[in-house]
Amino acid sequence: MASTGNLIPLCPTTDVAEGGALKVETGDYVLAVFNLGGKFFVIDDACTHGPGSLSEGCVDGDVVECDFHNGAFNIVTGEVVAPPCMIPIRTYRVEVKDGQVWIDPEQTAA
């Protein structure tokens, strides 16, 4: 996918159901895009504890539970919510423009 400045387009907002997640692979990135009440958040898809895919995990509010060992992360902050995970997950600054979800890969979420 082409980028505009530092921004990288990921997917149309309509591809991510409210309360759900979508795995997106672009360039060297494998990401999980979440729609929480119409706000979009992007984190690395790979769990920091094992081979779990966070886009396939269970979403409860702003927490995603890894489908592999059931560790959990806050989708907004990346902080660990439940063990066995110990290392926070990477978050990305998101922009929504013209119905498309974009990230700046060099900036974390505020």
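To keep things clear, this report deals only with the structure shown in the data block. Note that the structure is a prediction, hence the values are computed from the model and not measured. (Residues numbered from 1 in each chain as written. Predicted model: local features only at pLDDT ≥ 70, side-chain atom pairs only at ≥ 80, totals over all residues. Heavy atoms only, no water.)

1. Brief notes about the packing of aromatic side chains
Alright, step 1. Applying the stated criterion across every chain yields a total of one aromatic pair.
Alright, step 2. Arranged with centres 6.2 Å apart and planes meeting at 90 degrees, the rings of tyrosine 29 and tyrosine 92 form a pair that is edge-to-face. One end of the pair, tyrosine 29, is in strand S3 (residues 29-36); the other, tyrosine 92, is in strand S9 (residues 91-97), and 63 residues separate them in sequence.
Alright, step 3. The cationic tip of arginine 90 hangs over the ring face of tyrosine 92; the distance from NZ or CZ to the ring centre is 4.1 Å.
Alright, step 4. In this arrangement the basic side chain of lysine 97 is found over the ring face of tryptophan 102, its NZ or CZ atom lying 5.1 Å from the centre. (Phe/Tyr/Trp six-rings, centres within 6.5 Å; stacked < 30°, edge-to-face > 60°. Helix = DSSP H or I, 4+ residues; strand = E, 2+ residues; numbered from the N terminus. Lys NZ or Arg CZ within 6 Å of the ring centre and 35° of its normal.)

2. Looking at the pattern of salt bridges
Alright, step 1. The full count for this structure, using the stated rule, is three salt bridges.
Alright, step 2. Lysine 23 is paired through a salt bridge with aspartate 45; the nearest N and O atoms lie 4.0 Å apart. Here lysine 23, found in strand S2 (residues 21-26), pairs with aspartate 45, found in the loop between strand S4 (39-44) and strand S5 (58-60); they are 22 residues apart in sequence, far enough to count as distant.
Alright, step 3. On the basis of relative accessibility, which here comes to 2%, the residue aspartate 45 falls in the buried class.
Alright, step 4. With its nearest N and O atoms 3.2 Å apart, the salt bridge here joins arginine 93 to aspartate 104. Taken together, the residues span a long stretch of sequence, with arginine 93 in strand S9 and aspartate 104 in strand S10 (residues 100-104) at a distance of eleven residues.
Alright, step 5. With relative accessibility at 3%, the residue aspartate 104 sits in the buried group.
Alright, step 6. Bridged by salt links that share partners, the residues Arg93, Glu95 and Asp104 form one connected network. (Salt bridge = Lys/Arg side-chain N within 4 Å of Asp/Glu carboxyl O. Buried < 20%, exposed > 50% of the residue type's maximum accessible area, 1.4 Å probe, protein only.)

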